[in-house]
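# Architecture and fold: a report
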Amino acid sequence: MKRFLWVLLTVSALGITAYFVPPYLVGGTTVPGLDRSIPGYYTSLVIHALPAGTALAIGPFQFVTRLRTRFPRAHRIAGRVYLIAVVVASLAATWSAAVTRSGFALQVAFFALIAAWLYTAAQAYRTIRRRDVKAHRVWMIRNYTLTFAAVTLRIYQLILLQVWPLMPDLEYAEIYTSSAWLSLAGNIAVAEYFIVHRVLAPRTRRPATV
Ligand code: HEM
């Protein structure tokens, strides 16, 4: 079950990166509805999407215990690349979020995500510098959960698009905004559940049978 969930997470992370990021690296001409009249918008999306996709793709492998213990140096290097990617991607996203024409409620969701993404990355770095491995693990789970919002946002978007024909007054921006808020709240809830029940809960042994 654990392996199945990891494979599902990895395939969806790699799939979203491979599908959504390359169009921005080749001029963005194939991206539907990309508003090039907004100053710096396209450039900020390129500077955001490349490192964000890199972080999304690296993340799952950092959680594999066997890889971490067999190749600790690779884990450290990939971890630094991941954290730098998160910082660059979130700084670029501040511009995309500030100028997007998708509405105020979406901008608030994105700024909340940016603040949480940077804060959890800083905590993950601070705790591992202090050699506090358990706390580092918790903060990395929180941080990757936010990175993974890029995947769940698009899943919610797909689901809500199915509801659209039933509610003709609904605007596309409302679907987009609802998906962003759902991915933020839903991912945080799942991460905290996992942390409390799997990472922080004391391991209980089954009592020996007589
Ligand atoms: C979790 C932190 C993240 C934040 C705060 C964030 C923020 C943003 C913002 C503000 C935009 C512009 C949206 C608009 O103008 O309507 C955007 C677009 C985009 N982001 Fe992110 N993002 C995050 C994670 C990621 C990740 C991990 C990826 C990796 C695939 C990614 C890939 C993209 C792409 C490709 C776009 C262009 C829009 C599209 O094609 O859907 N983002 N992001």
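The structure presented is a predicted model; accordingly, all values stated were derived computationally and were not measured.

What counts and what doesn't
Residues numbered from 1 in each chain as written. Predicted model: local features only at pLDDT ≥ 70, side-chain atom pairs only at ≥ 80, totals over all residues. Heavy atoms only, no water. Helix = DSSP H or I, 4+ residues; strand = E, 2+ residues; numbered from the N terminus. Rg over C-alpha atoms; globule rule 2.2 N^0.38 Å. Buried < 20%, exposed > 50% of the residue type's maximum accessible area, 1.4 Å probe, protein only. Contact = heavy atoms within 4.5 Å. Areas by Shrake-Rupley, 256 points an atom, 1.4 Å probe, with all protein chains shown as cover. Near = heavy atom within 4 Å. Polar contact = N/O pair within 3.5 Å; in protein donor to acceptor, adjacent residues only side chain to side chain. Nonpolar A, V, L, I, M, F, W, Y, C, P; charged D, E, K, R; others polar. UniProt positions renumbered as here; feature names shortened; annotations may be inferred. Patch = residues over 30% accessible without salt bridge, like charges linked within 9 Å, V, L, I, M, F, W, Y side chains within 5 Å. Salt bridge = Lys/Arg side-chain N within 4 Å of Asp/Glu carboxyl O.

## Examining the overall build of the protein chain
Of the regular secondary structure elements, the protein chain holds nine helices and zero strands. When the helices and strands of the protein chain are read in sequence order from the N terminus, they spell out α-α-α-α-α-α-α-α-α. A compact globule built from 210 residues would reach a C-alpha radius of gyration of about 17 Å, and the protein chain, at 19 Å, matches this within 12%. Dimensions of the protein chain along its principal axes, counting C-alpha atoms only, are 70 × 40 × 25 Å. A total of 210 residues make up the protein chain; the buried ones form 37% of that total. The contacts in the protein chain between residues at least 6 apart in sequence include a share of 67% that link residues at least 24 apart. Counting only carbon and sulfur atoms, one obtains 68% of the accessible surface of the protein chain, whose full area is about 13400 Å².

## Notes on the site of the ligand
The full set close to the ligand counts 25 residues, and Tyr24, Tyr41, His48, Thr100 and Arg154 are the nearest of them. In this structure, tyrosine 24 approaches the ligand through a side-chain N or O atom, which is 2.8 Å from an oxygen atom. One of the side-chain nitrogen or oxygen atoms of histidine 48 is found 2.9 Å away from a nitrogen atom of the ligand. Top contributing element to the shell around the ligand by residue count: helix 3 (residues 41-62), with seven residues. Here the shell around the ligand is composed, by residue class, of 18 nonpolar, six polar and one charged.

## Quick look at the UniProt feature "transmembrane region" (unreviewed entry) in the protein chain
Listed under "transmembrane region" (unreviewed entry) in the UniProt record, and renumbered for this structure, are residues 42-65, 77-98, 104-122, 143-163 and 175-196. Helix makes up 95% of residues 143-163 and strand 0%, whereas the separation of the span's terminal C-alpha atoms amounts to 31 Å.

## So, a nonpolar patch on the surface
Together, Met1, Phe4, Leu5 and Leu8 line one region of the surface with nonpolar side chains, adding up to about 490 Å² of accessible area. Locating leucine 5 in the fold gives a position in helix 1 (residues 2-20). The class for leucine 5 is partly exposed, based on a relative accessible area of 45%.

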